[in-house]
Structures are given as C-alpha cells and as structure tokens.
Amino acid sequence: MQRVLLILICLFVGNISFAQNIYTYKLDNGQTVVIEQVKNNPIVTIDTWIKTGSINEDDSNSGISHFLEHLFFKGTETHPTGDFDKILESKGAITNAATSKDFTHYYITISSKYFDKALELHADMLLHPQVPRKEMEKERKVVLEEIAKDVNSPVNICYENLNNLLYTTHPYKRKVIGSAKVVENVSREEILNYYKQHYAPSNMTTIIIGDVDPQHALAEIKKDFNKPYQKISNPKYKKEKMLSSQKRNVSYMPTQTGYMMIGFRDADISSNDTYALDVLATILGNGRSSRLYQSLKEQKQLVNSISAGNSTMKDDGIFIINANFLPHNAQKVENAIFTEISKIKGFGVSDTDLKIAKKIIESDTYYSRESVSNIAQELGYVITLTGNSDYYNSYLNKINKVTANDIKRVANKYLTKNNSAISIILPERKDCIAPLNNKSTHTADLISSNNTTTKYKLDNNATLLLTDNVYNDIVAISIQMKGGKFLEPVRGTSTLFADLLMKGTEKYSAIELAKALEENGINISFTPSADTFNISVQTTKNQVETAIELLDDMLNNSTFDDIEIEKDRTLTLNKIRQSKDNPLNLAIDGYKSQIYKDSVYSTSYTLMEKSIPNVTREDIKLYQTSILNPENIVISVNGNVDKNKLINGFGNMFVDKKQGKFNYTKYSIPKITAYSQKIKKIDKQQTAWVILGWQTDGVCNTKDYATLEVINTILGSGMSSRLLRSVREQEG
C-alpha cells in the first residue's frame, strides 16, 4: 500500500471584517430582518428568532415554549400535516428548531434555488400553525419522553441542580425542557393563547445568510410575513442578588463516575466584562494547554475530563467549570480547581497565556463564521439578546483589547468562593450492573507477552491485545476490522452501516438502546475509514460485561429498519451538502481526488452524493457479513479486566465464517507521475487552505514508515513545527 505525507496550512487574511455585506432592516410590521449575501456556495439559511423562551413562563406553564416549538411542524391551513417535511426533505433541506431561556428559533438550510419556496413554508409555519389535536397528543408523548430522558442524564441533572442553586427568583431558575406535569396537562387553548402573546413579526428577527440577492430576499420576506403590526409586551425581570455564601448540592445516581459543575454568576451580554471572562475561560479550561487540563488531568491525573466556559445570556451570565472524575477524587478535584483560580486571582496570567487564548478565540470565531448556518445562528443570538449586531461585529476587536489586568480583575470580581455554587453527582451505593449472558465458553492461545501487553489468538481467530491497568477502574476497548471501505458493495455503505448500528436491535429500540448506554455510563462509537472499520468503547471495570453484551447485540442483531435507512440516507446526504459549505472540506476533497485517483481514498462529495441513494438494505447486510470476520479483527483492551470474560464475550460476538483473511496487497493507488495542483476560488472567503501531499512507497511494509512520521512531526505537527514557525515569522 502507498501512504501519503500530508501537510495542512491555514492562512488567515488580515483585518477581516464580518460586517461588510450585512444589511439590517426594520419592517412596518415591526419585524427585524438581517440579510448577508454569501456567494461561495449555492446554499442559504433562513433562521427566525422569537424573543420568548422559558424566561416568559411561570410554574403553571413551565415548558410550554419547548412544547410549542415541537408543534410548529404539524401543519397550517394551506399545508396539512406532513407537507413541510415532505416538500423540504425532497429538496435536501436541513430543518430544525431550538428553545432556550431567552429565545426560540426555527431554521432551514437549503439549496438557494429553492429559497422562495422555503421562505414561504417557513413564514406560513410561524404565522399560521394549526396545532391539530391528534398531532398534539402524539407530540406530547415525544416531549414527555425527552423529559424522562433528561432526568436520567447525570450531566443534565448536574446542570439543573447547579442552576437551582444560582437562581431562586429570576425566571432563569426554570428548566427549558419544562415540567412533565405541565406537559401532561396543558391544553391546546393554553398553547394557542401563549402563541398569540409572543409569536408576531414585531417579536421576530429573521436572518437570511447565503447565495440570494438581498433586495429579492427582502421583497419575499415582506410578502410572506405580511401581517399587521402587533405590540408585544416583553417584561423585564429584576436581576437576582449575587450569592453571599457558597451553596452546594450532592446527588446520587446509578453512575460509575462522578460529575462536578462549579458555577459563578457573572456578567450579562451588555457588559464589557464578558470579553475578559471569555478569555479567562479559555485560559482556565479550553483545550489541552489550559491551566485546569494541564494541572488536574496531565499532572495530577485527578479527572477524566475538565473544561471551563462563560455562558452569556440577556439578563445574566454563568461561568461554569465542568469535570468528570473517579468518585474518590471528588474533594481533591474541587480543591485543585479553586487552587488554579486562586493562582490567577493572586498572580494574574502571563503575556503568553493571554496571546494563546486570544488566538484560540480568534481561530474559533473565524471557523464558526465559515458556514452560512453558523453565521445565521450567531447573528440571530446576538440581535435577539442585544437588539443589534454590534456585539457580533466588534467581538474580536474587544477580545484583542483584553489585558492581563482585565483577567485578574474579573477573576477577583466574579470567581469568589462566596459567589460559587457547586453541583456534584456521585454513584449510588447499590450495585446496578447487568450481567453478561454468556452463550458458550471460548478459549484462547497465548501468542506473546511483554511488560505491558499480552497477545492472544481467540478460538474464532480474532486477535486480542490485553494491556493491564490497575490504577483506575476505566476500561478502554478499541476494535479494528480490516477491510474498511474496500469491502463496501456500494460506496457509502459503511457510513450508513455505522449510523444504523445505533438505531435499534431485535432486543432494544433506538431510545431503549440510548438509555441502556447512558444509564450504565457506556460510550460506544463506530467510525468507518478506508482501511478499517473502527469501534471505540469506553466503560468501567464493573460494566465491561454489560458493554460487551450491548455491543454484541448492536453488531449482530441490528434491525436495519427500512424507515431508519431512509432517514439516515437523507441525513447523510444533507451532511455532505452542508460540509461543502466549509472551504477546508472542499480543499481536502479536491486534494484527495488528485492524489488518491480512483481508489477508495478518493471518495469525493460528488461520488458520495451519487452512490448513497443506491445503497440498499441488502448491501448493508452484505457489508455486515464481510466486515465481522474475526480473522480480520484486532481487539485491544486497556484496563483491569478478567481476561476470561473478554475471551468469552468476544468469542461469542464474532463467529468465524471461514471467509479468509483480507489482503491489502490486492489493492493499489495509481502513482502520480507529474506535479499537479487544483485551485478553487471562493468569492469573499476570509481564509485560504493549502494542502500539499506526496505519495510514498509501500510504507506498511518498510522501515521508512518511522522516518516519515518524524519528518511529518518536524514539518507540520504542533506549535513549534517548522512550517508554522516559518509562516508566522514571514507573515506575522
């Protein structure tokens, strides 16, 4: 096989202005309209934001905003139930909605040639919802299921407990998803009354971002949202007093690890302190170089994960530090977090810390504004909360003005122990482990062993690598299946296969499967690649048998329901179309088409869009049979696990079908004989991506592999790499 040495370079254009083509209008009906023409891709996003959410609810109707959001897609006078989905999905649209504390918004991302029709449907849905009683009862069950699922999530419970500590009087105290009791009993009349109070054009901001003419778009909005002005009353709520002493809540759930959130109420979106708080959050807990990650994870090994973020809302803000850890480390984790905060409060931050944090924020901002849907969401959020786009336009300039003194000042002002609330979730003391139902007993031959890893050959011919780790209870399992996309009967089969493994088995529905994984703290992911099909499992010592049982069921008993196949097919095609909205993805796609030629590595967006509609259930089943061949499977387990349980579990999971070993040497990549380049110009794009690649000779079978890895690292891996230093020195 041939391998490619890949170098990826991102060139940022200086003095970028994101506001050059943004036009804001105020219509006679009171509606705010924001339009930005982006011509680099024939895509458009229509996103309407309504200034209402859980903030306008009380205890008697908690959750009505979220319930109503679900009901908008159920038909109007001119479009009966099902019309919206049928029409928009047939045109490849991505549609969704979201409810929060301060707002609710509804959006469509679609090919710009269908803009007029999409806008017409969008406006009709928002202005003329019928809320049929039959559909309302169906959706009531869906929302109640969401609420039930929310109650079973330790992360959600941890956050809600924290929120309850921080807010006792302000409407922010209520859960956005709502109360099961309210959703069970709320009437259609109550929902329609709430709609009439808040859903008028004067309370809406519609964002149009994409390949449309601004004047045409404005004319269409005036026509489709043609409704007289209606005065909407949005009450102002008194800001809740800051905490004067630390509050905490410790709850117990059937988990295997601990969850901790430490929250500090800080500044609302109108305050200049938000910029310094964003930089502070980045320094403390954004990425591997952050203070909390380096101290608590890398050095002290107290946590599995840790992060910090500053959540900015209309009336307030919350600075949250979020950690996952082994339960016996709870007090050490809390103490270590406050120690790192104290260091910043006492000694401040270095110029290097400040520079790195600003660069991270700058890069994240640039990347987030490459997609029309992301631009629409960011603008909608800012304008809904502040009334204009100033925050969006000036955000990076104000971030760059943040000083080390600002960081120290806001840390001392907001991140005090007396202003903190601590929410902790710890495991229940009872044993809640589901035993593995062994089908038969299997054996394995010892192949080799060293100080860290033992290699076995199972009686089904699969290879098992066991690395013993007695230092904690976490168990990581990685399964590599040779063949990957080479075994696809039709391009795209492995992608659908991976997605559908989570969509239900003969034993579990999709929702039941999700619950079983979440309740047992098990993470399973499936990733198709060209060379292999990869499975990643993260669990704990006490839940290994349950994890293996669930994985066995997913791999061998998935139903591959025809309805789920069509849903996933549509979703996959929509994701491909949305990916084409990102210049980096287009660059990688063009690069692969040249250097990999007609091999499986050259799978392009164009090819996938043509092939995925042709994948059948039979293709998926055939791929399942081909890829689950134990002769081509390597299982690596890291953790303190009984090897006999693993041998039996994986012995039952993979049945030897005597298909023979997969041979990579039967496949090759056409060699490049001359230098070639492909340049795609995207109008008004703010970043440029350059990808350089060289084909190399059969590195899977040569000593040159290690040398190439070293060269790759020296040239283009990390902050100190030669290419990065060279570009920075020459271009600043």
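The following refers to the structure shown. These numbers come from a predicted model, not from an experiment.

Across all of its chains, the model carries 23 aromatic pairs by this definition. The interplanar angle of 75° and the centroid separation of 6.3 Å between the aromatic rings of phenylalanine 264 and phenylalanine 338 together place this pair among those described as edge-to-face. Pair noted here: phenylalanine 264 is in strand β9 (residues 258-265) and phenylalanine 338 is in helix α11 (residues 330-347), with a separation of 74 residues, a long-range link. A relative accessible area of 7% places phenylalanine 338 in the buried class. A centroid spacing of 6.3 Å and a plane angle of 65° characterise the contact between phenylalanine 533 and tyrosine 623, whose relative ring orientation is edge-to-face. Separated by 90 residues along the polypeptide, phenylalanine 533 in strand β18 (residues 532-540) and tyrosine 623 in helix α22 (residues 617-627) bring together distant segments of the chain. Tyrosine 623 carries the same exposure label as phenylalanine 533, and that label is buried. Connected via pairs of aromatic rings, a cluster forms that spans Phe72, Phe73, Tyr106, Tyr195 and Tyr199. The ring of tyrosine 392 has arginine 369 sitting right over it, with the charged end atom 3.8 Å from the ring centre. The ring centre of phenylalanine 338 lies 5.0 Å from the NZ or CZ of lysine 417, which sits over that ring.

Attention shifts here to the nonpolar core. If you look at the biggest cluster of nonpolar residues, it comprises 65 residues, and the most contacted ones within it are Leu280, Phe319 and Ile337. At eight residues, helix α9 (residues 273-285) tops the list of elements feeding residues into this core. Excluding residues that lie within four positions of it along the chain, leucine 280 makes contacts with Phe319, Ile344, Ile407, Val410, Ala411 and Leu415. Among the nonpolar cores identified, the runner-up in size contains 48 residues, and Ala462, Leu464, Phe526 and Phe533 belong to it.

Before going further, it helps to examine a nonpolar patch on the surface. A contiguous nonpolar surface patch, about 260 Å² in accessible area, is contributed by Val690, Leu692 and Trp694. Counting through the fold element by element, leucine 692 comes out in strand β20 (residues 687-696). Assessed through its relative accessible area of 38%, leucine 692 is described here as partly exposed.

In this section: a positive patch on the surface. Among the surface-exposed residues, Lys26, Lys51, Lys236 and Lys314 lie close enough to one another that they form a single positively charged patch. Mapped onto the fold, lysine 51 is located in the loop between β4 (43-50) and α1 (64-71).

Under the definition given, this model contains one cavity of 30 Å³ or more. Counted as a void, the largest cavity has a volume near 60 Å³. Forming the boundary of the largest cavity are Phe73, Phe84, Leu88, Thr95, Tyr106, Tyr107, Ile108, Leu121, His122 and Met125. When grouped by side-chain class, the residues that make up the lining of the largest cavity number eight nonpolar, two polar and no charged.

One way to put it is that helix α2 (residues 83-90) packs onto helix α3 (residues 115-127) with a least axis distance of 11 Å and a crossing angle of 160°. Comparing the axis directions of α2 and α3 gives the class roughly antiparallel. In terms of crossing hand, the pair formed by α2 and α3 is left-handed. On α3, the residues touching Phe84, Ile87 and Leu88 of α2 are Lys117, Ala118, Leu121, Asp124 and Met125. When grouped by side-chain class, the residues that make up the contact of α2 with α3 number six nonpolar, no polar and two charged.

Before going further, it helps to spend a moment on unusual backbone geometry. In this structure, valine 131 takes a positive phi of about 50° despite not being glycine. Note that valine 131 resides in the loop between α3 and α4 (133-151). A relative accessible area of 2% places valine 131 in the buried class. With a phi angle near 50°, glutamine 301 is a residue other than glycine that sits in the positive phi range. With respect to the element layout, glutamine 301 can be found in the loop between α10 (291-299) and β10 (305-312).

This paragraph deals with the packing of helix α16 (residues 493-500) against α22. At a minimum axis separation of 9 Å, α16 and α22 run at an interaxial angle of 85°. By the angle between their directions, the pair α16 and α22 is classed as roughly perpendicular. Seen from α16, the contacting residues are Thr493, Ser494, Leu496, Phe497 and Leu500; seen from α22, they are Asp619, Ile620, Tyr623, Gln624 and Ile627. Tallied by class, the residues present in the contact of α16 with α22 amount to six nonpolar, three polar and one charged.

Before going further, it helps to examine helix α19 (residues 562-579). Spanning 18 residues, α19 covers 25 Å between terminal C-alpha atoms, matching the ideal 26 Å at 1.5 Å per step. Listed as buried for α19 are Glu564, Ile565, Asp568, Arg569, Thr572, Leu573, Asn574 and Ile576. Packing partners of the buried residues in α19 comprise β5 (94-99), α16, α21 (605-611) and α22. One side-chain oxygen of the residue at the start of α19 lies 3.0 Å from the amide nitrogen of isoleucine 563, identifying that residue as aspartate 561.

Conventions adopted
Residues numbered from 1 in each chain as written. Predicted model: local features only at pLDDT ≥ 70, side-chain atom pairs only at ≥ 80, totals over all residues. Heavy atoms only, no water. Phe/Tyr/Trp six-rings, centres within 6.5 Å; stacked < 30°, edge-to-face > 60°. Helix = DSSP H or I, 4+ residues; strand = E, 2+ residues; numbered from the N terminus. Buried < 20%, exposed > 50% of the residue type's maximum accessible area, 1.4 Å probe, protein only. Lys NZ or Arg CZ within 6 Å of the ring centre and 35° of its normal. Core = buried A, V, L, I, M, F, W, Y, C linked by side-chain atoms within 4.5 Å. Contact = heavy atoms within 4.5 Å. Patch = residues over 30% accessible without salt bridge, like charges linked within 9 Å, V, L, I, M, F, W, Y side chains within 5 Å. Areas by Shrake-Rupley, 256 points an atom, 1.4 Å probe, with all protein chains shown as cover. Salt bridge = Lys/Arg side-chain N within 4 Å of Asp/Glu carboxyl O. Lys, Arg positive; Asp, Glu negative; His and termini not counted. Charge placed at Lys NZ, Arg CZ, Asp CG, Glu CD. 1 Å grid on protein atoms, 1.4 Å probe; cavity = no way out; pocket = protein on both sides within 12 Å on 5 of 7 lines; lining within 4 Å. Points joined across faces, edges and corners; volume = space filled by probe spheres on them. Nonpolar A, V, L, I, M, F, W, Y, C, P; charged D, E, K, R; others polar. Axes fitted to C-alpha atoms, helices over the stretch in contact; angles between N-to-C directions. Parallel < 35°, antiparallel > 145°, perpendicular 65-115°, else oblique. Left-handed = near helix turned anticlockwise from the far one by under 90°. Expected span 1.5 Å × (residues − 1). Polar contact = N/O pair within 3.5 Å; in protein donor to acceptor, adjacent residues only side chain to side chain.

Limitation: the analysis is restricted to geometry and does not speak to function.
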